[in-house]
Each structure stands twice: as C-alpha cells, then as structure tokens.
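Each chain, letter by letter, is given below.
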Amino acid sequence: MKRIKLPVHIAFIMDGNGRWAKRRFRPRAFGHRAGVQNMTKICSHAFRLGVRIVTVYALSTENLSRPKEELDELFDLFRSYFSKKKERFLDMDVKINVIGDITVLPEDIQEDIIDVMERTSVNTDGLMNICINYGARQEIVRAVNEAVAFGRFVDEASFHNLLSTKGIPDPDLIIRTGGELRLSNFLLYQAAYSELYFSDKMWPEFSRRDLEKAIENYSARDRRFGNVRGN
Ligand code: IPE
Ligand code: IPE
Ligand code: MG
C-alpha cells in the first residue's frame, strides 16, 4: 500500500451474506458462515495495517425479526465463535468488546461472551467491538433515560459516556458492503463525522485488497469537520 493516512477506527457494516449464498444456490446460513470467516480475515488485516480499533455490525436489533431458523443459525455461529476453547480471536492479541443487548441470546453464549471480554481485557494489540443485537436509536433512547433517571442534564462529553461506545473514539471510516447505501441503525450518533465508503462486493467476498482500496480512498479525502481548510 502507498504511504497513506490511516484511520484509527474502522467500522464495518458486514452486509450481503444472504445474497452471496443465494448466488451460489446455497442456504443463507452458508453465507453467514463465510461471513464470519471473512470477518476474522479482514479484521486481522486491518490491525496488521495499523488500524487500532475495528467495530463490526454482526446483528442489528431489527435483524431479530428474521425467521427463527435463520436466527438459530446465527446464534450457533456466535456460539462457536465465542466458544471457551478459543484462546485467540485473531492472529493478534486484541481486546474483544461486545456491544448491544445480548440478553436475547441463549445463556451459554452470554456466559462465553462475558468470559471472552474478561479474558481479552488485558490485550493491547487493538480493540475489536462486535455489535450484537445493537441498534443506534435504542442506544440513544437508553442513554437519554439514564440521564433522566440520574436527574441531570448532559453535554456532548457526558452524553458520549452514556453510550455503549463510552471511551472509544468515533469511527473515522465506516465501510458498508453489499451495495446498499444506508446506515441501517448503526452508530447514528458516533457517525456524525465519519467518512462513509460503500462497496458493491458482498461481505464474504470483500478482500484484503478491497480493504486497502477503501483505506486509500479514505486517505485522499479532506475531512473538514465543518471548517474551511482540510488537513
Ligand atoms: C448481513 O448479511 C448479516 C446480517 C444481517 C446478520 P444479510 O443476511 O443481511 O445478507 P443479505 O443482505 O440478505 O444479502
Ligand atoms: C445491516 O444489514 C445489519 C448488519 C449488517 C448486521 P441489514 O441487511 O439488516 O440491513 P437492511 O435491512 O438491508 O437495511
Ligand atoms: Mg442485508
């Protein structure tokens, strides 16, 4: 890759697993399985390139309205992903942080997730946030209710501390695969000044080179943050 300005934090909307499988005349679950494999590959590559924080959208709050059969398959994938046997998640020692309301998951998976978060909490190679049953509107409403319950007004900094991304810098770059041009309830507050990048590739086929191209594209952009001069 050429000399470039790296994003500190990249967030991925990993969309297109179902269509990728359909094109191969395979069930949607086949696409989700390939999607998890690609998540490991792409996130590892991002960290290897020097990105410090990676956030992935694995399941939205609205995805819970999908057929039970598909949800069961997704939960099985989460189960094997977070299984106790797994010592390392990527080929680096990254901290794993799950964001979203995981109480909808079977209890054994919830326990494994908590275990993984505890075990990886000392890791310093990077931070990987995995959003499961996450919705930005729900997150914002919950934060507002917390502020009300504490009986206090908030400013931007204190409001940020009530969000599930507390202490985490906002994503510099949000990459959505699958060809749709929308955020689908992902990080609506945090994305205020994120650079957006859309790829027509389906998530399982989004390659390391595609990631590098997205970063090169980001690097050439002028982030003005409302001001008149770029950096
Ligand atoms: C994204 O792929 C993964 C999840 C939402 C769990 P989809 O399952 O939305 O795939 P498409 O968009 O139907 O192809
Ligand atoms: C967004 O994809 C959610 C995830 C990738 C987890 P969706 O497939 O749910 O988005 P819509 O329904 O096309 O907006
Ligand atoms: Mg989709």
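Anything mentioned here points back to the structure above.
Attention in this report is confined to the structure presented alongside it. Quantities reported herein were computed from a predicted structural model and do not represent experimental measurements.

A closer look at the site of ligand 1
As a structural note, the neighbourhood of ligand 1 is formed by Met14, Asp15, Gly16, Asn17, Gly18, Arg19, Arg28, His32, Ala58, Asn63, Arg66 and Glu70. In the model, an oxygen atom of ligand 1 is placed 3.4 Å from a nitrogen or oxygen of the Gly16 main chain. Interatomic distance of 2.7 Å between a side-chain N/O atom of Arg66 and an oxygen atom of ligand 1. Here ligand 1 loses 87% of its free accessible area of 380 Å² to cover by the protein chains. Every element with two or more residues in the shell around ligand 1 is listed here: α1 (17-23) and α2 (28-49).

As for the packing of α2 against helix α7 (residues 208-219)
The N-to-C vectors of α2 and α7 enclose an angle of 45°; their axes lie 9 Å apart at closest approach. Of the possible angle classes, the one that applies to α2 and α7 is oblique. Note that α2 runs across α7; the crossing there is right-handed. Of the residues in α7, those in contact with Lys41, Ile42, His45, Ala46, Arg48 and Leu49 of α2 are Arg208, Leu211, Glu212 and Ile215. When grouped by side-chain class, the residues that make up the contact of α2 with α7 number five nonpolar, one polar and four charged.

Concerning the site of ligand 2
Surrounding ligand 2, one finds Ile13, Met14, Asp15, Tyr57, Ala58, Leu59, Asn63, Arg66, Arg176, Arg182 and Ser184. The side chain of Arg176 places a nitrogen or oxygen atom 3.3 Å from an oxygen atom of ligand 2. In the model, an oxygen atom of ligand 2 is placed 2.6 Å from a nitrogen or oxygen of the Ser184 side chain. If ligand 2 stood free it would expose 390 Å²; the protein chains cover 77% of that surface. Broken down by class, the residue content of the shell around ligand 2 amounts to five nonpolar, two polar and four charged.

Procedures and definitions
Residues numbered from 1 in each chain as written. Chains lettered and ligands numbered in written order. Predicted model: local features only at pLDDT ≥ 70, side-chain atom pairs only at ≥ 80, totals over all residues. Heavy atoms only, no water. Near = heavy atom within 4 Å. Polar contact = N/O pair within 3.5 Å; in protein donor to acceptor, adjacent residues only side chain to side chain. Areas by Shrake-Rupley, 256 points an atom, 1.4 Å probe, with all protein chains shown as cover. Helix = DSSP H or I, 4+ residues; strand = E, 2+ residues; numbered from the N terminus. Axes fitted to C-alpha atoms, helices over the stretch in contact; angles between N-to-C directions. Parallel < 35°, antiparallel > 145°, perpendicular 65-115°, else oblique. Left-handed = near helix turned anticlockwise from the far one by under 90°. Contact = heavy atoms within 4.5 Å. Nonpolar A, V, L, I, M, F, W, Y, C, P; charged D, E, K, R; others polar.

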